[in-house]
Amino acid sequence: MLCLGIESSCDETALALVRDGALVDSLLSSQVDVHAIFGGVVPELASREHCRFIGPLFDELLERTQIRPTEIDLIAVARGPGLLGSLLVGSAFAKGLSLALGKPLLGINHLHAHLLANGLEHEPVFPAIGLLVSGGHTNLYLIESPAHFRQLGRCIDDAAGECLDKTGSLLGLPYPAGMAIDALASVGKADNALLPRPHLHNDSLDFSFSGLKTAAAKAAAKKLENCEVRSDGMLEDFCASLNTAIADTLTQKLEKAILTHPEAKAVWLAGGVAANRLLRRECQNLAERHNLVFLVPSARLCTDNAAMIAYAGWLLGKEGFSHDLALEAIPRGKMMPDDMRKGKKSF
Ligand code: KG4
Ligand code: ZN
């Protein structure tokens, strides 16, 4: 079964093809340069860029793979959460293709797809505790099957990636700053007393990174002002302290989730921040201490991409799930409806 995946939920336009669970090809057009001057994604510009690139990317994907549109069996599209204007470009394109080709349509939860991407590179083990850490979300799940995700916790204010990106821009690092902070931190020395590990002294599995973001901004202003930061390693040390505070906070909550769900056999990590080397190491160590299988995608599959959408589409499509043309795009903050139709397994 050949599944086309379409991703346009934020600032990357991406298309990919997955055949019988294996990636055929994947293309991505990043808008990072367009938004970098504003220090964050500008929704209207993002929608315009998606409109500009989605058609040509589709042509290029078919040209590169020498696949005819009529060979596609299923069209999967990220239906949210994300920026509404951006999501609408992808979902309108998907609906048009579905109608024109007479092939089923399937809306994919972008956050679930990040975690399911693990299956492209590893044998997926269920049930699993899933930790999804991206620019806009920090969520914990109990994953029972590709179609059954039980949310255990979420961020009640800023996500971990937002904390990294906003602090990074105060430090003068290019947007999005997560990757640069990761690199600088790897050669710095963390001061574990400098920054708090927020929202840990409670029974909840929710996260809160807005206090850490404020504490980091204050500490950065105090420590770095008037310093020749690059010459004396202060920037590297500061990034190491921030990186460690975030990784510690995430792994401590992850451990709480593991302890409250002894039925889990694995830990799956995913999302853009899962590319972070310290976080990967700490989560792996934690999983090994609890005798759990640990899965994390390679760095290129952690950040937004369409391979994860095509793969999630293939997993759910072969179980007979689909949507009709009423499929709604779901912006961030709106409840994701549980509205997949289940037909017979058709592939
Ligand atoms: O999943 P993603 O590509 O987009 C969203 O759905 O939000 O995540 C983007 C986030 C950004 O905050 C970026 O700074 C962060 O992932 N990121 C990293 C690294 N690479 C990307 N954070 C820490 N370390 C990295 N190596
Ligand atoms: Zn994402």
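Structural data are supplied above this passage.
Just so you know, these numbers come straight off a predicted model, no measurement behind them.

**Regarding the environment of Leu 106**
Mapped onto the fold, Leu 106 is located in strand 5 (residues 105-109). Judged by relative accessible area, which is 0%, Leu 106 ranks as buried. With 83 residues separating them in the primary sequence, Leu 106 and Lys 189 have C-alpha atoms 47 Å apart. Dropping the residues within four chain positions of it, Leu 106 is found in contact with Leu 74, Ile 75, Ala 76, Val 77, Gly 313, Leu 316, Gly 317, Phe 321, Ser 322, His 323 and Met 340.

**Quick look at the coordination of the zinc ion (ligand 2)**
Surrounding the zinc ion (ligand 2) are the protein donor atoms His 110 (NE2), His 114 (NE2) and Asp 304 (OD), at 2.1 to 2.2 Å. One way to put it: the four donor atoms around the zinc ion (ligand 2) meet at angles of 92 to 147°, and that makes the site irregular. Between consecutive donors of the zinc ion (ligand 2), the numbers of intervening residues give the motif H-x3-H-x189-D. Of this pair, His 114 sits in helix 4 (residues 110-116) while Asp 304 sits in the loop between helix 12 (299-302) and helix 13 (307-317), and the two are 190 residues apart along the sequence. Comparing His 114 with Asp 304, the two get one shared label, buried.

**Things to note about the packing of aromatic side chains**
Counted by the stated rule, this structure contains five aromatic pairs. Consider the rings of Phe 58 and Phe 93, whose centres lie 5.7 Å apart with planes at 75°: the pair is edge-to-face. With Phe 58 in helix 2 (residues 43-65) and Phe 93 in helix 3 (residues 84-101), this pair connects stretches of sequence that are 35 residues apart. The class of Phe 58 is buried, set by a relative accessible area of 8%. Residue class for Phe 93 comes out partly exposed when judged on its relative accessible area of 21%. Across from the ring centre of Trp 314, 4.8 Å away, lies the NZ or CZ of Lys 318, which sits over that ring.

**Section: the site of ligand 1**
Taken together, 18 residues form the shell around ligand 1, and within it Gly 135, Asp 165, Gly 178, Asp 182 and Asp 304 come nearest. In this structure, an oxygen atom belonging to ligand 1 sits 2.9 Å away from a main-chain N or O atom of Asp 304. Here ligand 1 has 550 Å² of accessible area as a free molecule, and 89% of this is covered by the chains. Counting residues per element, the ones that place at least two in the shell around ligand 1 are helix 4, helix 6 (160-170) and helix 7 (178-185). Residues of the shell around ligand 1, tallied by class, amount to five nonpolar, ten polar and three charged.

So, how was this worked out
- Residues numbered from 1 in each chain as written.
- Chains lettered and ligands numbered in written order.
- Predicted model: local features only at pLDDT ≥ 70, side-chain atom pairs only at ≥ 80, totals over all residues.
- Heavy atoms only, no water.
- Helix = DSSP H or I, 4+ residues; strand = E, 2+ residues; numbered from the N terminus.
- Buried < 20%, exposed > 50% of the residue type's maximum accessible area, 1.4 Å probe, protein only.
- Contact = heavy atoms within 4.5 Å.
- Donors = N, O, S within 2.8 Å, 3.2 Å for Na, K, Ca; no water.
- Tetrahedral: all angles 85-135°; square planar, octahedral: opposite > 155°, others 65-115°.
- Phe/Tyr/Trp six-rings, centres within 6.5 Å; stacked < 30°, edge-to-face > 60°.
- Lys NZ or Arg CZ within 6 Å of the ring centre and 35° of its normal.
- Near = heavy atom within 4 Å.
- Polar contact = N/O pair within 3.5 Å; in protein donor to acceptor, adjacent residues only side chain to side chain.
- Areas by Shrake-Rupley, 256 points an atom, 1.4 Å probe, with all protein chains shown as cover.
- Nonpolar A, V, L, I, M, F, W, Y, C, P; charged D, E, K, R; others polar.

Fair warning: the whole summary comes from geometry, so function is off the table for now.
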